[in-house]
Amino acid sequence: MAISLFEAISFYEYSRNKDKKDLPSLLHMVIFHADDYSVGFCTCTKEGQIKTVRIKTLSEKGSCMDDINQSFCKVTRRQDSISNCINTNIDAFNKKMRMYYQSEKQMNPGFKDTLGIDLDCAGFDKIFTTACSRLEKLLSELDDLWSETQFDESDSRFMIVGKAALYYPITYCIKDFLTFDPFLADDRFVSDNYSDQADEIASIGEQAYNKEIESKQNIFIKLVKADGAKEKEKIPVLDEAAKIEELKYLEPILVAAGEPLEFEIHLKKKLIDLPYSLEALECDVIEIGAFVVNRKPVIRIRRYHHPTRIYDIPVV
């Protein structure tokens, strides 16, 4: 993954909102990744610059899905995973579990008809006990992080993600801890509005990030050929993670005084003057390459006959 798990999830939320006119200059996102009992505090500018401010995990490492599956096998006496037994009817499962919690555990329907499992809501509630206890322990350790990260709990965007987040008892546990009433609408929980599944958010966010990076790396220069026609040539763009010494240049280009270089960047024409002076009617030979800094491309011009004279031009 070119970016971290929490950054990919943050970029998912950013990509869904980047075209909104009322997008804040800085988004504060608190990501509850249920699968490994972790919480990520991330920021994102309206330009898509993501930063992981803090990650909090339980001191005792563990897997939420492992805890659920172990309890599932113990209670049901099945040698199978909960996902194999539930996921084809997960909406029906979640609906019944929501009704169970909303009735304060008074309405306790069974799942024999929908899942083929002779177990009621109280039985499934027991299956999720270990996982929810560990989540509550994690959540109880967040108090100091709000002031430490300078995140406003009332104005942050909450995202509940991961395979475990597919199951209503897990999302209920988190909401019940963080809200006065977990059944009331709460705009902070932006993941409630997602049509994508909770276990797909990270991969979708990573794909969106890579697509945007790729689009920003499509930089062309228009060169005049012998017949006078202009032809586009793609400039190689060095990946941000690579060393600048690995930068590759186009073949040397002849330029004349007073004639700007014509680029195509993000499908838009951009004229850039030579960053140094030439006498009238004088020509020079240059090499052109590009690299990325903070996800933004920079064009590098190197004088062919004076290779130590290098000029970096950020693309705005």
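Relevant structure appears above.
Rules used in this analysis
Residues numbered from 1 in each chain as written. Predicted model: local features only at pLDDT ≥ 70, side-chain atom pairs only at ≥ 80, totals over all residues. Heavy atoms only, no water. Core = buried A, V, L, I, M, F, W, Y, C linked by side-chain atoms within 4.5 Å. Buried < 20%, exposed > 50% of the residue type's maximum accessible area, 1.4 Å probe, protein only. Helix = DSSP H or I, 4+ residues; strand = E, 2+ residues; numbered from the N terminus. Contact = heavy atoms within 4.5 Å. Phe/Tyr/Trp six-rings, centres within 6.5 Å; stacked < 30°, edge-to-face > 60°. Pairing = 2+ DSSP bridges. Axes fitted to C-alpha atoms, helices over the stretch in contact; angles between N-to-C directions. Expected span 1.5 Å × (residues − 1). Arc of directions from axis to C-beta.

Engineer: Got a sec to walk through the nonpolar core? Specific residues and values, please.
Structural biologist: Ranked by internal contacts, the top residues of the largest apolar core, which has 51 residues, are Phe 32, Ile 68, Phe 124 and Ile 170. Considering every element that reaches this core, the biggest residue donor is helix 9 (residues 168–178), with six residues. If sequence neighbours within four positions are ignored, Phe 124 has contacts with Phe 72, Ile 82, Ile 86, Phe 93, Met 97, Phe 111, Leu 115, Ile 117 and Leu 119. Core analysis: the second largest hydrophobic core is formed by 23 residues, Leu 223, Val 237, Leu 250 and Ile 288 among them.

Engineer: Lay out the packing of aromatic side chains with the relevant residues and their values.
Structural biologist: Throughout the structure, instances matching the rule amount to 20 aromatic pairs. Ring centres of Phe 11 and Tyr 14 lie 5.3 Å apart, and the angle between their planes is 50°; this geometry places the pair in the tilted category. Of the two residues, Phe 11 and Tyr 14 are both situated in helix 1 (residues 5–17); the distance of three residues between them amounts to about one turn of the helix. Tyr 14 shares its class with Phe 11; the two are buried. Measuring from ring centre to ring centre gives 5.6 Å for Phe 32 and Phe 158, while their planes differ by 90°; the resulting arrangement is edge-to-face. With Phe 32 in strand 1 (residues 26–33) and Phe 158 in strand 6 (residues 157–161), this pair connects stretches of sequence that are 126 residues apart.

Engineer: So, the side chain of Asn 69: which residues are in play, and what are the values?
Structural biologist: Here Asn 69 shows up in helix 2 (residues 64–76). For Asn 69, the contacting residues outside a window of four places in its chain are Ser 81 and Ile 82.

Engineer: How would you summarise the environment of Glu 233 if you had to cite specific residues and measurements?
Structural biologist: Looking at the element boundaries, Glu 233 is found in strand 8 (residues 230–234). Note on Glu 233: relative accessible area 29%, which makes it partly exposed. Considered as a pair, Glu 233 and Leu 250 are 17 residues apart in the sequence and their alpha carbons are 8.7 Å apart.

Engineer: Go over the sheet that holds strand 3 (residues 50–57) with me, naming the residues and quoting the values.
Structural biologist: Here we have four strands laid out as an open sheet, ordered 3-2-1-6, and mixed in their pairing. In this open sheet, the two edge strands, each paired with only one partner strand, are strand 3 and strand 6. Going across the sheet, the axis of each strand differs from the next one's by a mean of 20°, ignoring polarity. Where strand 2 (residues 38–45) lies against strand 3, seven bridges are found, and the strand directions are antiparallel. Note on strand 3: the bridge partner recorded for Val 39 is Lys 56. Strand contacts of helix 1: strand 1, strand 2, strand 3 and strand 6, with the helix running at about 130° to strand 1, the strand carrying the most contacts.

Engineer: Tell me about helix 7 (residues 129–140), residues and numbers included.
Structural biologist: Along its 12 residues, helix 7 runs 16 Å from first to last C-alpha, staying within 8% of the 16 Å computed at 1.5 Å per residue. Those residues of helix 7 that fall on the buried side of the exposure criterion are Ala 131, Cys 132, Arg 134, Leu 135, Leu 138 and Leu 139. In a view along the axis of helix 7, the buried residues occupy a sector of 160°, so they form one face of it.

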